[in-house]
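# Results of the structural survey
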Amino acid sequence: MNRLFFAVSLIILSNCFIACSKSEEELPSTINENKVELQEILKLVNEVRASGTTCESTYYPPVDPLIWNEKLERAALKHSQDMFDQNYFSHTSLNGNSFSDRIEQENYPYSSIGENIANGYTSEESVMKGWLNSQGHCANIMNSKYTEMGVGRVGNYWTQDFGKPKK
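Residues numbered from 1 in each chain as written. Predicted model: local features only at pLDDT ≥ 70, side-chain atom pairs only at ≥ 80, totals over all residues. Heavy atoms only, no water.

What follows is about the sheet that holds strand 6 (residues 157-165). Overall, mixed pairing links the four strands, which are arranged 3-5-6-4 in an open sheet. Since the sheet does not close on itself, it has two edges, and those belong to strand 3 (67-68) and strand 4 (110-119), each with one partner. Sheet topology note: the strand 4/strand 6 ladder contains nine bridges and is antiparallel. Note that in strand 6 the partner of Ile117 across the bridge is Thr159. Lying on the sheet, helix 2 (residues 38-51) is in contact with strand 3, strand 5 (148-154) and strand 6; it crosses strand 5 at an angle near 130 degrees. Across the sheet, helix 3 (residues 70-86) touches strand 3, strand 4, strand 5 and strand 6, and the angle it forms with strand 5 is around 25 degrees. (Pairing = 2+ DSSP bridges. Helix = DSSP H or I, 4+ residues; strand = E, 2+ residues; numbered from the N terminus. Contact = heavy atoms within 4.5 Å. Axes fitted to C-alpha atoms, helices over the stretch in contact; angles between N-to-C directions.)

Here it is, written out as structure tokens:
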């Protein structure tokens, strides 16, 4: 009985390691877990999009909701990780990559893309307030061309990538 229990436990453990290594292949081992409450940030963005808003002096009428995209999330998360690791804050990576380069590296075929970044915010609510108080960031959130979104957070570095896939 003890041998059977040990053998079954060993099989279960080996399957866990195999499953874990598969998920790690999707993101390099240097990438930390995404610290974003995905459903919360998507809900907050879509609430603003559904009601419309004024970005500084420009009114944006309601637009369709966004859906979550894992490729955009990966591009965003990798950029947040890079900014965190190398202590900088910019849409352009220190190696010269733009947000379009990072999104293309995730094999996201797009017809339209955009990016918001933020630093120092500790919650989804606070980063959304910051983005909405900035004309350019707010305009990205309300851009009717975008149909998908992904957000990545490492420490208090946030990246929000938007896109519309090619048809």
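A few words now on the nonpolar core. Counting residues in each nonpolar core, the largest one holds 23 residues, and the members touching the most others are Ile41, Met128, Trp131 and Met149. Every element with two or more residues in this core is listed here: helix 2, helix 5 (124-132), helix 6 (135-141), strand 5 and strand 6. Counting residues per element, this core draws most heavily on helix 2, at five residues. Beyond its immediate stretch of four places on either side in the chain, Met128 contacts Ile41, Leu44, Val45, Val48 and Ile141. Residues Leu72, Ala75, Ile103 and Tyr108 belong to the second largest nonpolar core, which totals six residues. (Core = buried A, V, L, I, M, F, W, Y, C linked by side-chain atoms within 4.5 Å. Buried < 20%, exposed > 50% of the residue type's maximum accessible area, 1.4 Å probe, protein only.)

Before going further, it helps to examine the packing of aromatic side chains. Enumeration over the complete set of coordinates arrives at two aromatic pairs. When the ring of Phe84 is compared with that of Tyr157, the centres are 6.2 Å apart and the planes differ by 85 degrees; the resulting orientation is edge-to-face. Residue Phe84 is found in helix 3, and its partner Tyr157 is found in strand 6; the two are separated by 73 residues along the sequence. (Phe/Tyr/Trp six-rings, centres within 6.5 Å; stacked < 30°, edge-to-face > 60°.)

One way to say it: the disulfide is the covalent bond shared by the sulfur atoms of two cysteines. Under the criterion given, the structure shown has one disulfide. Bridging Cys55 to Cys138, the disulfide has an S-S length of 1.9 Å. Classification of the bridge connecting Cys55 and Cys138 rests on its S-S torsion, roughly -65 degrees, and on that basis the disulfide is left-handed. Of this pair, Cys55 sits in strand 1 (residues 53-55) while Cys138 is found in helix 6, placing the two residues 83 residues apart along the sequence. The exposure classification of Cys55 matches that of Cys138, with both residues buried. (Disulfide = S-S within 2.5 Å.)

As a further point, take unusual backbone geometry. Positive phi is not limited to glycine here, since Glu56 has a value of about 55 degrees. Turning to its location among the elements, Glu56 is positioned in the loop between strand 1 and strand 2 (58-60). The phi angle at Asn87 is positive, at roughly 55 degrees, despite the residue not being glycine. Looking at the secondary structure, you find Asn87 in the loop between helix 3 and helix 4 (99-105).

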